[in-house]
Amino acid sequence: MTPGGAEGREVLRFTLNERLQHALLMVSTIVLLITGFSLLFHDLWIGRWLLWLEGGIEGRGLIHRWAAVVLMGVCGYHFLYILFTERGHAQFMHLRPRRQDVRDLIQVIRLNLGRGEERPPFDRFDYRQKFQYYAFFVASATMILSGLALWFATETMTIMPKWMFDLLAVLHGQESVVIFLLLFVWHLYDVHLRPEVFPMDWSWITGRISVRELKERHRAEYERLRRAGRIDGGE
Amino acid sequence: MATLSGCITVLLLSARAAGVTAKGHSTGLSDRACLRCHGDPALAKAKPGERARTTYVNRAVLARSRHAKVACGECHTRIGKHPHDKHPHEVKLPRAECAACHRREARAYAGSIHGRGLAKADTDVPTCQRCHGGHDIVQVRGPASRIQPLRQARICMECHADTRITARHPDMPNVLLIRAYADSVHGRAMAKSGLAVAPTCTSCHGTHDLKPADDPRSPVHRKNLAETCGRCHQGILAEFRDSVHGTALAQGVPDAPTCTGCHGEHTIAAPADPSSRVAPRNIPRTCGSCHSAEGIVGTYGLASKRGETYAESVHGIAVKFGNVEAANCASCHGFHDVQPSSDPRSRIAKANLPATCGKCHPGAGAKFAEGRVHIEKTKQSAPGVFYVRRFYTWFIGILIVCFLAYMTVEIYGYRRRRKQAGPGPEGEG
């Protein structure tokens with residue numbers, strides 16, 4: 001992690017590599033959701049309209065599969081990134097769920113309801129961000145596996161009975177709604193509408209966070225960086 | 001008025017005409033005598049206020065006709081029964097008599113819908129001449145014939161597509177229905193490709209003995225239709241007779257489909273034509289018109305919700321949005337040879353499923369055939385799908401509640417802190 005000396009009061013939170021991973025994930029997931037929903041809601045005007053935009057049922061499938069290739073590429077790269085790069089591995093270690101996360105959640109709720117004392121001193125990733133990461137991990141793994149089975153239907157049919165095939169198709173459709181909720185209801189609230197960050201948390205584009213915000217939202221990390229002499233002064 | 005040229009023609013023709021008369025009916029008049037007056041082109045002009053029915057006979061046309069050697073009196077049988085002082089015959093001559101020679105056709109005609117109309121003195125019904133022509137009559141199959149296959153539909157439509165005539169006869173078929181033939185695969189084969197073997201009106205409906213379609217003797221009556229189509233489509237007739245639809249039809253099941261049930265009548269189009277009722281995209285609707293009709297499904301104990309369960313399948317969606325390769329009803333069930341799944345010959349019999357699915361999905365084996373295809377996904381029939389759906393219903397519901405609850409609490413806390421802190425820049429707990 002580079003110290004935010006040059007910019008004075010900002011530190012780098014996400015490297016360009018990480019921001020690109022996020023951007024590709026975002027674009028591919030949005031495309032997948034749109035092309036997927038046009039099939040899921042083919043009976044409604046919105047589905048018919050989207051299908052028309054996407055060049056009919058074949059065009060839709062083509063776009064959906066290419067976006068899936070991008071998604072799988074990003075996921076595959078991400079695994080290599082956390083396994084084989086020092087930076088990536090460190091990030092992953094910060095994301096490990098701890099019992100403290102549950103306590104933090106309870107403390108924040110108490111705080112919001114007026115029974116609270118201090119805001120918990122979050123480390124690099126707080127419980128919301130960890131939830132987001134693992135929820136998306138599970139959801140995209142489900143989507144990729146069921147999606148591949150449906151994509152390579154002819155091959156899957158040799159090993160799979162029809163009922164399991166049907167089940168995967170339903171699973172793929174339902175899980176997409178979960179992903180939609182996770183991203184468009186939860187994640188977008190979290191990074192746009194949350195009073196603390198409104199109108200947007202810019203770090204996904206700039207990769208930087210101000211020292212003031214770091215101290216507010218990730219106190220433990222701030223303290224750690226200060227002790228390590230990586231932040232000069234702070235406030 | 002006898003012109004000079006007229007006289008010459010009469011002279012040229014008279015020898016042969018007189019000869020025929022000699023061996024034909026005794027009319028007392030030679031053809032030469034008839035043509036002396038009726039060969040005058042001035043007769044072709046109708047007098048003002050009179051119906052333009054001419055008594056003019058074009059010698060050249062007559063000479064080229066099939067009846068060139070038939071004497072006038074053989075058709076116009078009433079000639080000669082009247083004294084010839086002023087006019088050689090009564091002024092209003094009855095219709096030319098064809099029955100004397102064409103006895104079989106006349107009998108058939110008398111029993112036809114047209115013949116019965118004529119018996120009721122209906123002036124709109126076609127008589128022999130209306131279709132065959134008069135003095136210009138030529139061999140039916142000859143290239144110049146009015147009712148030669150390529151031209152015949154036009155003759156029928158002169159009346160059947162004439163709304164003035166159909167207005168007088170409410171039981172006549174709808175004009176649009178009749179006109180649709182022109183755009184049908186049969187009509188186009190005839191008009192565009194010039195295929196004289198393509199069916200025209202009479203090929204299916206009959207000729208002199210033409211009957212309405214609801215008459216059991218009509219070749220297009222439900223009972224006879226398959227045989228009528230099968231006169232050309234022989235191989236298909238054999239397949240159809242053996243199918244579940246064909247056997248039901250033979251048993252007299254009133255809702256069993258015959259050819260037109262799926263293919264349409266005058267609108268019939270080739271399966272590759274997107275307008276066809278049996279085009280890939282339209283097949284689900286065509287089959288569904290019976291197999292999704294509660295009355296029919298209920299009456300015959302057919303499997304229910306065929307159309308709906310297909311429509312929500314990946315095949316159904318693909319076909320609905322214009323993919324012609326995805327499976328439609330006929331891809332798996334067959335069409336002319338359709339059989340119930342309980343029949344071992346059926347393409348969807350358990351043993352045949354791997355081969356049937358394998359047409360498109362070469363990997364589909366016996367393992368794949370274990371599951372049931374387009375069933376209503378209930379707890380009993382598809383427990384896996386049922387429980388996955390149920391899980392997600394709850395999961396998604398709980399997720400929404402949790403998210404909204406968390407957001408509400410967070411925004412509530414933020415506002416509360418802001419109020420406590422007063423008009424400050426940031427509400428810190």
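None of these values were measured; they are calculated from a predicted model. (Residues numbered from 1 in each chain as written. Chains lettered and ligands numbered in written order. Predicted model: local features only at pLDDT ≥ 70, side-chain atom pairs only at ≥ 80, totals over all residues.)

Undergrad: What is the right way to look at the overall build of chain B in this model?
TA: For chain B, the helix and strand inventory stands at 23 helices and zero strands. When each of the 429 residues of chain B is scored for burial, the buried share is 26%. (Helix = DSSP H or I, 4+ residues; strand = E, 2+ residues; numbered from the N terminus. Buried ≥ 20, exposed ≤ 12 C-beta atoms within 10 Å, placed from the backbone.)

Undergrad: Looking at this structure, I do not really get the overall build of chain A. What am I missing?
TA: In terms of helices and strands, chain A carries eleven helices and two strands. Seen in sequence order, chain A has helices and strands lined up from the N terminus as β-α-α-α-α-α-α-α-α-α-β-α-α. A principal-axis box enclosing the C-alpha atoms of chain A has dimensions of 60 × 40 × 35 Å. Within chain A, contacts between residues at least 6 apart in sequence are counted, and of these 63% link residues at least 24 apart. (Contact = placed C-beta atoms within 7 Å.)

Undergrad: Would you mind going over the packing of helix α5 (residues 99–112) of chain A against helix α23 (residues 383–421) of chain B with me for this structure?
TA: Helix packing geometry: the angle between the two helix axes and the distance between the axes. Packing of α5(A) against α23(B) leaves a shortest axis separation of 8 Å and a crossing angle of 50°. In this view, α5(A) runs oblique relative to α23(B), as classed from their interaxial angle. Taking contact as the criterion, the partners of I109(A), L111(A) and N112(A) in α5(A) are, on α23(B), V409(B), E410(B), Y412(B) and G413(B). By residue class, the composition of the contact of α5(A) with α23(B) is four nonpolar, two polar and one charged. (Axes fitted to C-alpha atoms, helices over the stretch in contact; angles between N-to-C directions. Parallel < 35°, antiparallel > 145°, perpendicular 65-115°, else oblique. Nonpolar A, V, L, I, M, F, W, Y, C, P; charged D, E, K, R; others polar.)

Undergrad: Help me understand the interface of chain B and chain A, please; the structure alone is not making it clear to me.
TA: If you look at the interface, chain B gives 37 residues, while chain A gives 39 residues. Listing elements by their share of the side of chain B that touches chain A, those giving two or more residues are α20 (314–320) and α23 of chain B. Considering each element in turn, the side of chain B that touches chain A owes the most residues, 18 residues, to α23(B). Here the residues of the side of chain B that touches chain A sort into 22 nonpolar, nine polar and six charged.

Undergrad: Teacher, can you tell me more about the nonpolar core here?
TA: In a soluble, globular protein the nonpolar side chains are often hidden away together inside. In terms of nonpolar packing, the biggest core is built from ten residues, these being L39(A), L51(A), I57(A), I317(B), A318(B), V319(B), F321(B), A326(B), A327(B) and C332(B). Ranked by residues supplied to this core, first place goes to α20(B) with three residues. Sequence-distant contacts of I57(A), that is, excluding residues within four places in its chain, are made with L51(A), I317(B), A318(B), F321(B), G322(B) and N323(B). Counting nine residues, the second-largest nonpolar core is a separate cluster that includes V220(B), L225(B), C229(B) and L249(B). (Core = buried A, V, L, I, M, F, W, Y, C linked by C-beta atoms within 7 Å.)

Undergrad: Sorry, what's going on with the confidence of the model for chain B here?
TA: Detailed reading of the predicted model is not advised wherever pLDDT is low. Residue and element names in this part refer to chain B. Counting all residues, the mean pLDDT for chain B is 84, and 86% of those residues have values of 70 or more. Note on residues 1–27: pLDDT is under 50 here. Beyond four places in sequence and across chains, it has 43 contacts. Overall fold confidence for the complex sits at a pTM of 0.74, while the interface term, ipTM, reaches 0.89. (pLDDT = per-residue confidence, 0-100.)

Undergrad: So what exactly am I meant to see when it comes to the environment of M143(A) here?
TA: Residue and element names in this part refer to chain A. Looking at the secondary structure, you find M143 in helix α6 (residues 127–151). For M143, a count of 22 C-beta atoms within 10 Å gives the class buried. Sequence separation between M143 and L171 is 28 residues; the distance between their C-alpha atoms is 8.3 Å.

Undergrad: How do you make sense of α6(A) when you look at a structure like this?
TA: For an α-helix, the turn length of 3.6 residues means that residues three or four places apart are oriented alike. Residue and element names in this part refer to chain A. For α6, with 25 residues, the first-to-last C-alpha span of 35 Å sits near the 36 Å given by 1.5 Å per residue. Y127, S140, M143, G147 and A149 are the residues of α6 that are buried. Elements that come into contact with the buried residues of α6 comprise α3 (56–84), α5, α7 (153–159) and α8 (162–193). (Expected span 1.5 Å × (residues − 1).)

Undergrad: Would you mind going over the packing of α8(A) against α23(B) with me for this structure?
TA: The N-to-C vectors of α8(A) and α23(B) enclose an angle of 5°; their axes lie 9 Å apart at closest approach. As the angle between them shows, α8(A) and α23(B) are arranged roughly parallel. Here the residues of the contact of α8(A) with α23(B) are counted per class, giving 20 nonpolar, two polar and two charged.

Undergrad: Help me understand unusual backbone geometry, please; the structure alone is not making it clear to me.
TA: That bond from F198(A) to P199(A) is cis: its omega, 0°, falls within 30 degrees of zero. With respect to the helices, strands and loops of the structure, P199(A) is situated in the loop between α8 and α9 (203–206). For A121(B), which is not glycine, the phi dihedral falls at a positive 60°. Structurally, the position occupied by A121(B) is in the loop between α6 (113–119) and α7 (128–132). Note on A121(B): 7 C-beta atoms within 10 Å, which makes it exposed. Unlike most non-glycine residues, K305(B) shows phi in positive territory, near 55°.

Undergrad: Is there a simple way to explain the confidence of the model for chain A in this structure?
TA: When the pLDDT values of chain A are averaged, the result is 90; 95% of them are 70 or greater. Segment residues 1–8 of chain A: pLDDT under 50, and 13 contacts once partners within four positions in sequence are set aside and those in other chains are kept.

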